[in-house]
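Report on the structure
The residues making up each chain are set out below.
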Amino acid sequence: MSPRALDRVPAQALIIVDALFQYVGAAFAVAVFALMEPASVAWWRVLVGALILLAWRRPWRFRWTWRELGASAVFGLFILVMNSTFYEAIARLPLGAAVSIEFLGPVSVAVVRGRGWAPRVAALMAFAGVASISGFGVDPSDPGIRAGIVWILAAAAAWAGYIVVGQAIASRRSGVTNLSMSLGLGALFAAPLLAPGGLGAFTSWTLLGSLVLVGLLSTAIPFTLEALAMSRLTAATYALLTALMPATSAVVGAVMLRQIPTSGELLGLVLISIAVWIASSPRLNRG
């Protein structure tokens, strides 16, 4: 589809399709975990996304200071840590539950920076949602589930750092151009640790193709759609659509992975979705 054709697509639809691509990519990644460690799959996701966006945006055309490059490298490493811990989590937890708990990251940022009653209500609902998922939605006595909860809490913390650092490095260049440089540097600096585990991709064309598909679905396409949509959406509308993402992930998990949510998961998903909407809505976060 051409950029001109994309301009005719409603921005709300772009965000919904963005979420679908991300979580369908995550579902494909779960299938790859049987052949490769989740962290190495995450490195391939970042690498493929970097190669596609670098070829498109060609960030070397711009003048970069050493400070900007250093900040981009830190941002890229936050992305890699966020993706790696998320993949380690969904190797052990249902996709919908993991995504819901991971939203503690952006909710926490909104709570710290927010004013008035809304951030406090959002925090209360988010933690009640996590308690519902971890206490009634999944079996916390299972060591694998406990490990998954630890991994997804780490992913939430990395997401919070990603938001803070990402806002700090915002500049006159487009967000996608900054992202292309950050992904490239993150993949490069993490290669000594994660690339050796990913070399198995070259033993099978099917595995290599699956990893490329994960990078395309989870990084290159959704980030591009989000960048196009954000320029046409109000913050309030974006907040509402973001709150639908936990539900989207639960639907994808049920359809593609046969992960049918329990009543505890569904309650937690609803509570966290409301918390995300409250925490993200500028109208509710005015002092």
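Chains are numbered independently. Their residues run from 1 in the order of the written sequence. Reporting in this predicted model follows two pLDDT cut-offs: at least 70 for local features of residues, and 80 or more for side-chain atom pairs to be given and counted; totals over whole chains, interfaces and linings ignore these cut-offs and use all residues. For side-chain calculations, the full set of non-hydrogen atoms in the structure is used, while hydrogens and water are omitted.

**Structural notes on the overall build of the protein chain**
Looking only at helices and strands, the protein chain features 13 helices and 0 strands. The way it works is that DSSP assigns letters per residue, a run of H or I at least four long becomes a helix, a run of E at least two long becomes a strand, and they are numbered from the N terminus. Starting at the N terminus, the α and β elements of the protein chain follow one another as α-α-α-α-α-α-α-α-α-α-α-α-α. As defined in this context, the radius of gyration uses C-alpha atoms, and a globule is described by 2.2 Å times the residue total to the power 0.38. For the protein chain, the C-alpha radius of gyration of 18 Å lies close to 19 Å, the compact-globule estimate for 287 residues. A principal-axis box enclosing the C-alpha atoms of the protein chain has dimensions of 45 × 45 × 35 Å.

**Comments concerning the packing of helix H4 (residues 66-90) against helix H9 (residues 175-198)**
Lines fitted to C-alpha atoms define the axes here, with helix axes fitted over just the stretch in contact, and angles between the N-to-C directions of these axes take values from 0 to 180 degrees. Put simply, H4 and H9 touch, their axes get as near as 7 Å, and they point 65° apart. Crossing of H4 against H9: the hand is right-handed. Here H4 contributes Leu69, Ser72, Ala73, Phe75, Gly76, Leu77, Ile79, Leu80 and Ser84 to the contact with H9, which in turn contributes Leu179, Met181, Ser182, Leu183, Leu185, Gly186, Phe189, Ala190 and Leu194. The nonpolar class holds Ala, Val, Leu, Ile, Met, Phe, Trp, Tyr, Cys and Pro. Asp, Glu, Lys and Arg form the charged class, and all remaining residues, Gly among them, are polar. Of the residues that constitute the contact of H4 with H9, the class distribution is 13 nonpolar, 5 polar and no charged. The sense of a crossing depends on the near helix, which, turned anticlockwise from the far helix by less than a right angle, makes the crossing left-handed and, turned clockwise, makes it right-handed. Every residue pair with non-hydrogen atoms within 4.5 Å of one another is taken to be in contact.

**Details of the side chain of Glu88**
With respect to the element layout, Glu88 can be found in helix H4. Categorising residues by exposure relies on relative accessible area from a 1.4 Å probe, with only protein chains included: less than 20% of the type maximum marks a residue as buried, more than 50% marks it as exposed, and the intermediate range marks it as partly exposed. A residue is classified by how much of its surface remains accessible, and Glu88, at 10% relative accessible area, is buried. Leave out the neighbours within four places in its chain, and Glu88 touches Pro38, Ala39 and Trp151.

Everything listed here is a matter of coordinates, which is why it stays silent on function.
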